[in-house]
Amino acid sequence: MTLPDDQTDAFLSDAWLDRRQLLLGSAAAGAGGLLSAIASCPALAAEKRGGILRYGFGDTNPGEKMDPATAANGASIELMQIIYEPLVRRGKDWKFSPWLAESYELDKNENVWTFHLRRDVKFHDGSPLTAKDVVYSLSRLVDEKVGASLRARLKGSFDGNSLEAADDYTVKIHMFRRDTMLDQPLSRYNTGIIKAGIVPTADPATAIGTGAFKIKSFEPGQSWQVERFAGYWQQGVPLLDGIQCINIPDQSAKVQSVVSGAVDLIDPVDSVIVKQLAANPKVRVEPLPNAMSWGIFLDHKVKPFDDVRVRRAIKLAVDRKLILDTVYQGLGVTTPDVPLPPGDPMFPSDLGDGAQDIPGAKKLLAEAGFPNGIEFTLYTSPILPGMVDLAVTFAESVKPAGIRVTVNQWPAATYWDQVWIKYPTFVDYNYRRNAHDALDLAFAKGTPYASGVNFDLDGKLREFIDKALVESDPAKQTEMYKEALRKVALESGVIIPCFLSRNFTLNKSAQGELFKWEMPAAYSLLSKEA
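Residues numbered from 1 in each chain as written. Predicted model: local features only at pLDDT ≥ 70, side-chain atom pairs only at ≥ 80, totals over all residues. Heavy atoms only, no water.

Undergrad: Can you lay out the overall build of the protein for me, pointing to particular residues and giving the numbers?
TA: The secondary structure content of the protein amounts to 16 helices and 20 strands. At 23 Å, the protein has a C-alpha radius of gyration in line with the 24 Å of a compact globule built from 530 residues. Each principal axis of the C-alpha distribution contributes one length, and for the protein these read about 70 × 65 × 35 Å. Across the 530 residues that make up the protein, the buried fraction comes to 58%. (Helix = DSSP H or I, 4+ residues; strand = E, 2+ residues; numbered from the N terminus. Rg over C-alpha atoms; globule rule 2.2 N^0.38 Å. Buried < 20%, exposed > 50% of the residue type's maximum accessible area, 1.4 Å probe, protein only.)

Written out as structure tokens, the structure reads:
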């Protein structure tokens, strides 16, 4: 059963949205004050079908909007997967399947992708999904004025004039090049289809998608609430009546909340705590293997990182196994700065595992004119679990090579706005992508994320991976991407020690498999026990 609207509103406003409970005081005040506030809320009894899932989320950004094209970080990324849907679905095994498109194909002779849309899909306002909505949504992704994060990846393949609504349920993309992997970026949350003519903002009235839930309220950086969409195209879905998400910045409070049942689901916490939670009978940890990587980013335009020998020395000095075991409790796999996990078909396995080499690091530093080593400041933040521990452990591991790193903990509230991509060093994360998109996003010239390291200043990497994208021979294409991945692993200023699982924790009252597929996440299949 669900709460009447007046009780639901009271639940959110009286307890969950009291920012003073969340943001002021010590960790103890954050934990005790928040938990007592939540515990005082009306009980949310639920049958297996029905009920409100309460979601405690740590990563938020006050600049969040409900525009999938521009969503970059924070809790709104999860929201994008709930209220909007892409044309293509991505499985945990990285196989791609139709979603809003019931089928799609790349023409054997022409550079044309054709997407055949489902005919029973409706938007949250009751209007039908048609080809014009898809054309509108995809046009925004390549419109420079919109500022979509995927624009650099897609603009070489098509523009707004390339998109054709052949009929109400058929979309053709006439490409500039033979983009053999176009279905892969079209599975990302950024490509969620929105209603034609709408520009989503922070105003709930502008967030009209086709997802199993529709938006009810949205407070950027604080909370959001969605409710069941009765007109959803999949029969019997969703099982829940709604989801309420609230920012819980204090990790102890977040963990205690899910253990006590005050919330039903929390986003990832420190790996030490994940191991403890895995043994707690009151909760269950659901991992998405090899789903993400944390990295240290160094700007090539800033000395001493402008010298490839220095960048290589830093890479050799890192103890990746120490970072994996200490910071992440072994819940992942090491990688030699390759932005793909080992096991991916395009992973260049000849690079080894990136074992630490202190003598080799010292030798390169001396050759670069730094016989006494180097020193620099690394900026990080406690905004997400492990960010500070990664920086500190990295600093300790490279110290024997004469690399002296001062760790600066930036306030969580302003890190994404003031430090990320703007400072010459920073800690950041990336979700797993295919080889082309991983290289495109953080390394190749033309994408805003690549400006954080400025690796491809001459555009040669961009030119090379664009050639690989149109290669029709799969074996040759794989070798081309391996070559590009070797180059960024050995020469870039990005240190990627390991790939990790994303470990979400659910109270035992929350049933169902969150990662039935990788994206969109299966929030619509979760249920709550009474």
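Following the structure, the description resumes.
Undergrad: An account of helix α14 (residues 435-442) is needed here, citing residue identities and associated values.
TA: Here α14 lies mainly inside the structure; 8 of its 8 residues are buried. For α14, the set of buried residues is Ala435, His436, Asp437, Ala438, Leu439, Asp440, Leu441 and Ala442. For α14, the N-terminal cap is Asn434; the gap from its side-chain oxygen to the backbone nitrogen of His436 is 3.0 Å. (Polar contact = N/O pair within 3.5 Å; in protein donor to acceptor, adjacent residues only side chain to side chain.)

Undergrad: Requested: an account of the nonpolar core, with residues and values cited.
TA: With 77 residues, the main nonpolar core has Trp294, Ile314, Phe376, Phe394 and Ile403 as its most contacted residues. The next biggest cluster of nonpolar side chains, apart from the first, holds 76 residues, and it includes Phe158, Trp224, Ala291 and Leu514. (Core = buried A, V, L, I, M, F, W, Y, C linked by side-chain atoms within 4.5 Å.)

Undergrad: Help me get a handle on the packing of helix α9 (residues 308-317) against helix α11 (residues 358-367), residues and values and all.
TA: Following both chains from N to C, one finds α9 and α11 inclined at 165 degrees, their axes separated by 8 Å at the closest point. The angle between α9 and α11 places the two elements in the roughly antiparallel class. As for the relative orientation of α9 and α11, their crossing is left-handed in sense. Across the interface between the two elements, Arg309, Val310, Arg312, Ala313, Leu316 and Ala317 from α9 touch Ile358, Gly360, Ala361, Leu364, Leu365 and Glu367 from α11. Considering only residue class, the contact of α9 with α11 consists of 8 nonpolar, 1 polar and 3 charged. (Axes fitted to C-alpha atoms, helices over the stretch in contact; angles between N-to-C directions. Parallel < 35°, antiparallel > 145°, perpendicular 65-115°, else oblique. Left-handed = near helix turned anticlockwise from the far one by under 90°. Contact = heavy atoms within 4.5 Å. Nonpolar A, V, L, I, M, F, W, Y, C, P; charged D, E, K, R; others polar.)

Undergrad: I'd like to hear about the sheet that holds strand β5 (residues 112-117), residue by residue, with values.
TA: Paired through their backbone hydrogen bonds, the strands of a sheet run either parallel or antiparallel. With respect to topology, 4 strands assemble into an open sheet ordered β4-β5-β7-β6, the strand pairing being antiparallel. Both edges of this open sheet fall to β4 (101-106) and β6 (163-167), since each of them pairs with a single strand only. Ignoring strand direction, the axes of neighbouring strands in this sheet form an average angle of 20 degrees. In this sheet, strand β7 (residues 170-174) lies alongside β6 in antiparallel orientation, the contact comprising 4 bridges. For Asp167, the partnering residue across the bridge sits in β7 and is Thr170. Its contacts with the sheet put helix α5 (residues 131-141) on β5, β6 and β7, and the angle it makes with β6 is roughly 175 degrees. (Pairing = 2+ DSSP bridges.)

Undergrad: Describe the packing of helix α10 (residues 320-327) against helix α12 (residues 387-398), naming the residues involved and giving the relevant values.
TA: The N-to-C vectors of α10 and α12 enclose an angle of 145 degrees; their axes lie 10 Å apart at closest approach. As for the relative orientation of α10 and α12, their crossing is right-handed in sense. Residues Leu322, Ile323, Thr326 and Val327 of α10 pack against Asp389, Leu390, Thr393, Phe394 and Ser397 of α12. In the contact of α10 with α12, the residues fall into 5 nonpolar, 3 polar and 1 charged.

Undergrad: Can you tell me about unusual backbone geometry, naming the residues and giving the values?
TA: A cis amide bond links Val237 to the next residue, Pro238, at an omega of 5 degrees. Its place among the elements puts Pro238 in the loop between β9 (223-228) and β10 (242-247). Backbone torsion omega between Lys303 and Pro304 reads 5 degrees, so that peptide bond is classified as cis. Within the chain, Asp337 stands out as a residue other than glycine whose phi angle is a positive 70 degrees. Relative to the helices and strands, Asp337 is located in the loop between β13 (332-334) and α11. You can call Asp337 buried: its relative accessible area is 1%. Positive phi, close to 50 degrees, is recorded for Asn454, a residue that is not glycine. Its location among the elements puts Asn454 in the loop between α14 and α15 (460-469).

Undergrad: Describe the pairing of β4, naming the residues involved and giving the relevant values.
TA: When β4 meets β5, the two strands line up antiparallel, connected through 5 bridges. Counted as the bridge partner of Tyr104 is Phe115 from β5. The antiparallel hairpin formed by β4 and β5 contains 5 residues in its connecting segment.

Undergrad: Tell me what's going on with the pattern of salt bridges, and back it up with residues and numbers.
TA: This structure, assessed with the given rule, holds 28 salt bridges. Across the salt bridge formed by Glu463 and Lys467, the nearest N and O atoms sit 3.6 Å from each other. Taken as a pair, Glu463 and Lys467 lie in helix α15 at a separation of 4 residues, close to a single helical turn. (Salt bridge = Lys/Arg side-chain N within 4 Å of Asp/Glu carboxyl O.)

Undergrad: Could you give an account of helix α7 (residues 251-260), with specific residues and numbers?
TA: Here α7 has its buried residues at Ala253, Lys254, Val255, Ser257 and Val258. Residue Asp250 occupies the N-cap position of α7, its side-chain oxygen lying 3.2 Å from the main-chain nitrogen of Ser252. The first or second residue beyond α7 is Gly261, which carries a positive phi of 90 degrees.

Undergrad: Describe in detail the pairing of β7, supporting the description with residues and values.
TA: The sheet contact formed by β5 and β7 spans 5 bridges and is antiparallel. Residue pairing across strands places Thr114 opposite Lys172, the latter belonging to β7.

Undergrad: Please set out the environment of Asp389 residue by residue, giving values where relevant.
TA: You can see Asp389 is positioned in helix α12. Given the relative accessible area of 38%, Asp389 is considered partly exposed. Separated by 56 residues in the primary sequence, Asp389 and Lys445 place their C-alpha atoms 30 Å from one another.

Undergrad: Tell me what's going on with the environment of Lys155, and back it up with residues and numbers.
TA: Within the element layout of this structure, Lys155 appears in the loop between α6 (151-154) and β6. With a relative accessible area of 37%, Lys155 lands in the partly exposed category. In sequence terms Lys155 and Leu141 are 14 residues apart; their C-alpha atoms lie 8.4 Å from each other. Discounting chain neighbours no more than four positions away, the residues touching Lys155 are Val142 and Phe176.

Undergrad: Hey, could you go over the confidence of the model for the protein for me, with residue numbers and the actual values?
TA: Across the protein, pLDDT averages 88, with 91% of residues at or above 70. Across residues 1-47 the pLDDT falls below 50, and counting only partners more than four positions away or on other chains, this stretch makes 81 contacts in the model. (pLDDT = per-residue confidence, 0-100.)

Undergrad: Quick rundown of the side chain of Arg311? Include the residues and the values.
TA: Inspection of the secondary structure puts Arg311 in helix α9. There is no salt bridge for the buried Arg311, and the closest opposite charge comes from Glu491, which lies 5.5 Å off by N-O distance. Every residue in contact with Arg311, bar those within four places of it in the chain, is listed here: His300, Phe305, Asp306, Glu491, Ser492 and Gly493. (Lys, Arg positive; Asp, Glu negative; His and termini not counted.)

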